[in-house]
Amino acid sequence: MNSIQRQMQLVLVAYRTSRSEVETLAQCLEALDPRIGYCVVVNGYSPGESIEELSSRADLFLTSSSNLGYGRAVNLAAKALAEQAIQREGEPAPWLAALNTDLSWEDGSFERLLHWLSSHPDVVLAVPQIQNPAGEVQHLCKTDPTVFAMISRRFVPAWLKPACLRKLDRHFVMASSPLDRVLDVEYLSGCCMVIRRREFEKVGGFDERFFLYLEDADLTRSLRAEGRCVYTPVMKITHAWGRGSHHSLRLTAVNLASAWLYFCKWGWRWW
């Protein structure tokens, strides 16, 4: 690992990552400032995967033969990076970034965000502007989940929705909020979360009972008690987002289980 003290460490959670995604990530990661390092956690690992190409420059490359889920993988990496820093008589990076592997960004993006964070000490969680591959800004800032908001978005087709559900959908994704400025947000997307390590550890990291889905809503809600959780367009990232749970019965079941856990934990808010 580079001897320069890391200020931020990206945690990439991989699962069956394609070669094209690895090639795109490699280009982005190679251009990072030495103050920013990265760790890879490979879920469901099989030797010979293309993701291994990222190991040579990684601060840590961790593998699991089973699928740990997103939050548990990030927690594992955060703990391992802290232990590594202690062994080297240093300090762990003050910022962690939890990332999917289907992301790309322009050179200097994380450096720009790191500079912005240095002048906003009240921020404990920041998510950049997220675009799809066509360059369209995605409305991934959300209000706290409600039962009917979840049902409407996942199970009610657009042509069948009454006006009240269309209004609820727009409210849930903060459709009227301007995405060209910083916003305080109740529920931030987990595809790229930049988190202050101190507060991440204070709240216990991701709740590992969430295997997948709503772990980001849960973490945002926990971190809001520690400081500001914000969307910031100072950085832009491209996400090749796929709504897997809409096409898989198994993932739909996982989604429902996560929703049950979330509402049992935070209360059953219907509207």
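This one's a predicted model, so the numbers in the text were calculated from it and none came from an experiment. (Residues numbered from 1 in each chain as written. Predicted model: local features only at pLDDT ≥ 70, side-chain atom pairs only at ≥ 80, totals over all residues. Heavy atoms only, no water.)

Draft legend 1. Molecular detail of the overall build of the protein chain. Scanning the protein chain from N- to C-terminus turns up 8 helices and 9 strands. Against the 2.2 N^0.38 benchmark of 18 Å for 271 residues, the protein chain shows a C-alpha radius of gyration of 18 Å, consistent with a compact globule. A principal-axis box enclosing the C-alpha atoms of the protein chain has dimensions of 60 × 40 × 35 Å. Out of the 271 residues in the protein chain, the part that is buried amounts to 52%. Taking the contacts inside the protein chain whose residues are at least 6 apart along the sequence as the reference set, 78% of them involve residues at least 24 apart. (Helix = DSSP H or I, 4+ residues; strand = E, 2+ residues; numbered from the N terminus. Rg over C-alpha atoms; globule rule 2.2 N^0.38 Å. Buried < 20%, exposed > 50% of the residue type's maximum accessible area, 1.4 Å probe, protein only. Contact = heavy atoms within 4.5 Å.)

Draft legend 2. Quick peek at the environment of Ser66. Structurally, the position occupied by Ser66 is in the loop between strand E3 (60-63) and helix H2 (70-87). Linking Ser66 and Gly190, residues 124 residues apart in sequence, is a C-alpha distance of 21 Å. Every residue in contact with Ser66, bar those within four places of it in the chain, is listed here: Asn43 and Gly44.

Draft legend 3. Here's a closer look at the nonpolar core. Grouped together as the largest cluster of nonpolar side chains are 69 residues, with contacts concentrated most on Leu10, Trp105 and Phe110. For this core, the leading source of residues is H2, giving 7 residues. In contact with Leu10, not counting residues within four places along its chain, are Leu29, Leu32, Ile36, Gly37, Tyr38, Cys39, Ala97, Leu99, Trp105 and Phe110. Met150, Leu214, Leu261 and Phe263 belong to the second-largest nonpolar core, a separate cluster that totals 16 residues. (Core = buried A, V, L, I, M, F, W, Y, C linked by side-chain atoms within 4.5 Å.)

Draft legend 4. Molecular detail of the pairing of strand E9 (residues 228-239). Pairing of strand E5 (residues 103-104) with E9 involves 2 bridges; the strand directions are antiparallel. Across the sheet, the residue bridging to Ser104 is Thr238, located in E9. As paired elements, strand E6 (residues 123-131) and E9 share 8 bridges and run parallel to each other. Within the sheet, the bridge partner assigned to Ile130 lies in E9 and is Ile237. Here strand E7 (residues 183-184) runs beside E9; their pairing, made up of 2 bridges, is antiparallel. Bridged to Leu183 within E9 is Tyr231. (Pairing = 2+ DSSP bridges.)

Draft legend 5. Highlighting the packing of aromatic side chains. According to the stated counting rule, one finds 10 aromatic pairs in the structure shown. Aromatic pair Phe148 and Trp271: ring centres 4.6 Å apart, planes at 20°, arrangement stacked. Placement of the pair is Phe148 in helix H4 (residues 147-155) and Trp271 in the segment after helix H8 (249-266), with a sequence separation of 123 residues. Centroid distance Tyr262 to Phe263: 5.4 Å. Interplanar angle 85°. Geometry classified as edge-to-face. In textbook terms, an aromatic cluster arises when at least three aromatic residues are bridged by ring pairs, as seen for Phe148, Trp260, Tyr262, Phe263, Trp268, Trp270 and Trp271. Seen from the ring of Tyr187, Lys142 lies directly overhead, with NZ or CZ sitting 5.0 Å from the centre. (Phe/Tyr/Trp six-rings, centres within 6.5 Å; stacked < 30°, edge-to-face > 60°. Lys NZ or Arg CZ within 6 Å of the ring centre and 35° of its normal.)

Draft legend 6. Seen up close, H2. End to end, H2 covers 26 Å across 18 residues, agreeing with the expected 26 Å (1.5 Å per residue, within 8%). Among the residues of H2, Tyr70, Gly71, Ala73, Val74, Asn75, Ala77, Ala78, Ala80, Leu81, Ala82, Gln84 and Ala85 are the ones counted as buried. On its buried face, H2 sits against strand E1 (8-15), strand E2 (36-43), E3, strand E4 (95-99), helix H6 (197-202) and helix H7 (215-223). At the C-terminal side of H2, Glu89 shows a positive phi close to 60°. (Expected span 1.5 Å × (residues − 1).)

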